[in-house]
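Close look at the chain arrangement
So the chains spell out like this:
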Amino acid sequence: MLRVFRIQRFNPEREPNQWVDEYTLEVNEDDKILDILLKIRDEVDTTLGFRASCAHGVCGSDGMMIDGLNRLACQTFVGDIPGRKPINIAPLKGVPVEKDLIVDMDPLLDKVKSVNPWVVAKEHKAGERELLMSQEDFEKIEDMTKCIWCSCCTTSCPSLWSDSDYLGPQALVMAARFILDTRNEDAEKIIEKVGGLDGVFRCHTIGNCTDACPRDIDVTGAIAAVKKVLLQGIDNEDKFSNIVWEKGDEKEQQG
Ligand code: SF4
Ligand code: FES
């Protein structure tokens, strides 16, 4: 079948404003949007710019707005956008566009780094065996460990569109993951960061982030859990984990 792809373009060396190019291609329902972009770039227009690497939903580099929603091009199929209407493809919103579908990820990644997304184990010496955690403790953070740093959540967040200083969902998911990690002795530092002016209370629980996440992470739940830690203190760890896993528990009960 023939489908029209309307792709937002930008090349500051050519002209200062964005424009839209239309490509009509013979495609199948099970073609990935990434395959379409590769076909256009290889066979129709070699100037088209986009990022991609693994093609299997692992590297997080091909987040973009497809038919109005943030998605990974390698995990979205032509058949996901039914009908005959043109398929609109645009770069992620709320971050500077460098070229076509390529955005500047640095501001977003800097925010993630600012919450110290790593384990600090002061007594653990290099060369000792790995630092273990119990299965039960791991299950509390398992959902958040699936994050591939694609920024689909953060760039779908209206709070971030209106306030570029807000940390945003991606950084807050990492904050939740490393606050709850029982091996981390520096969780207080993360709590201090997310409790700041541009931190977690800028979230208005709009929920776009959870809808946008290609890994089905309960982003809104993780943010709510961080809020609860700030309001009740880290010692209330059990209550914290209960919130994070509310969604999973519900699923289990339904099953
Ligand atoms: Fe991407 Fe989901 Fe991680 Fe956000 S939480 S960066 S949408 S994988
Ligand atoms: Fe790696 Fe899509 S190309 S996630």
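Positions within a chain are numbered from 1, following the residues in the order the chain's sequence is written. Chain A is the first chain written and ligand 1 is the first ligand written, with later ones labelled in order. Only residues with pLDDT of 70 or above have their local features reported here, since the model is predicted, and side-chain atom pairs are shown and tallied only from 80 upward, although totals for entire chains, interfaces and linings are computed over all residues.

1. Describing the domain arrangement of the chain
Throughout the structure description, domain borders are defined by an automatic or database domain assignment. If you check the domain split of the chain, you get domain 1 (2-103) and domain 2 (106-254). Put simply, the middle of domain 1 and the middle of domain 2, counted by C-alpha atoms, are 30 Å apart. In this assembly, 14 residues from domain 1 lie in contact with 13 residues from domain 2. The numbering of helices and of strands both runs from the N terminus, where a helix is a DSSP run of H or I of at least 4 residues and a strand a run of E of at least 2. The element best represented in the side of domain 1 that touches domain 2 is strand β4 (residues 69-72), accounting for 4 residues. Note that Gly is not counted as nonpolar here; it falls among the polar residues with everything else outside the nonpolar set of Ala, Val, Leu, Ile, Met, Phe, Trp, Tyr, Cys and Pro and the charged set of Asp, Glu, Lys and Arg. In the side of domain 1 that touches domain 2, the residues fall into 6 nonpolar, 6 polar and 2 charged. Contacts are defined on C-beta atoms placed from the backbone: any two residues whose C-beta positions lie within 7 Å are in contact.

2. Looking at the environment of alanine 224
Relative to the helices and strands, alanine 224 resides in helix α8 (residues 219-232). Classification of alanine 224 by C-beta neighbours within 10 Å gives buried; the count is 20. Between the alpha carbons of alanine 224 and threonine 205 there is a distance of 8.2 Å; along the sequence they are 19 residues apart. Comment: burial labels come from other C-beta atoms within 10 Å of the residue's own C-beta, placed from the backbone, where a count of 20 or more is buried, 12 or fewer is exposed, and between is partly exposed.

3. Notes on the site of ligand 1
Taken together, 15 residues form the shell around ligand 1, and within it Cys147, Cys150, Cys152, Cys153 and Cys213 come nearest. The leading source of residues in the shell around ligand 1 is helix α5 (residues 169-180), at 3 residues. A per-class count over the shell around ligand 1 returns 12 nonpolar, 2 polar and 1 charged. Only the C-beta atom matters for this test: placed from the backbone, it must lie within 6 Å of a molecule or strand for the residue to be near it.

4. Considering unusual backbone geometry
A positive phi angle, near 45°, is found at aspartate 100, a position not held by glycine. Relative to the assigned elements, aspartate 100 resides in the loop between β6 (97-99) and β7 (102-103). Residue aspartate 100 is classed as buried on the basis of its 25 C-beta neighbours within 10 Å. Positioned with a positive phi, serine 151 is a non-glycine residue whose angle comes to about 70°. The topology assignment puts serine 151 in the loop between α3 (135-145) and α4 (158-162).

5. Things to note about the nonpolar core
Residues enter a nonpolar core if they are buried, belong to Ala, Val, Leu, Ile, Met, Phe, Trp, Tyr or Cys, and are joined to the set through C-beta atoms within 7 Å. Residues Leu172, Ala175, Ala176 and Val226 are the most contacted members of the largest nonpolar core, which totals 59 residues. In terms of residues, this core owes the most to one element, α5, which gives 9 residues. Built from parts of two domains, this core gets at least three residues from each of domain 1 (2-103) and domain 2 (106-254).

6. Observations regarding the packing of helix α2 (residues 106-114) against α5
Lines fitted to the C-alpha atoms define the axes, with helices restricted to the stretch that makes contact. Angles between their N-to-C directions range from 0 to 180 degrees. At a minimum axis distance of 8 Å, the contact between α2 and α5 shows a crossing angle of 20°. Put simply, α2 runs roughly parallel to α5. As α2 runs across α5, the sense of the crossing is right-handed. Facing Leu108, Lys111, Val112 and Ser114 of α2, the residues of α5 in contact are Gln170, Ala171 and Met174. Counted by class, the contact of α2 with α5 contains 4 nonpolar, 2 polar and 1 charged residues. Any angle that falls under 35 degrees is termed roughly parallel, while one over 145 is termed roughly antiparallel, one within 65 to 115 roughly perpendicular, and all others oblique. Helix crossings fall into two classes, left-handed where the near helix is turned counterclockwise from the far one by less than a right angle and right-handed where it is turned clockwise.

7. Structural notes on the sheet that holds strand β1 (residues 2-11)
When DSSP finds two or more bridges between a pair of strands, those strands are recorded as paired. Across the sheet, 5 strands lie side by side as β2-β1-β5-β3-β4; this open sheet has mixed pairing. Either end of the sheet is taken by a strand with one partner, and the two such strands are β2 (15-26) and β4. Going from strand to strand, the sheet's axes swing by 30° on average, the running direction of each strand aside. In this sheet, strand β5 (residues 87-90) lies alongside strand β3 (residues 63-66) in antiparallel orientation, the contact comprising 2 bridges. Residue methionine 65 lies in a different strand from β5, and its bridge partner there is alanine 90. Contacting β1, β2, β3 and β5, helix α1 (residues 33-44) crosses the sheet at an angle of about 100° to β2.

8. Re the packing of α3 against α5
Their axes nearest at 9 Å, the elements α3 and α5 cross at an angle of 160°. Relative to α5, α3 is oriented roughly antiparallel. The handedness of the crossing between α3 and α5 is left-handed. The segment α3 lies against α5, with Lys140, Ile141, Met144 and Thr145 engaging Val173, Ala176, Arg177 and Leu180. Each residue belonging to the contact of α3 with α5 can be placed in one class, and the counts come to 5 nonpolar, 1 polar and 2 charged.

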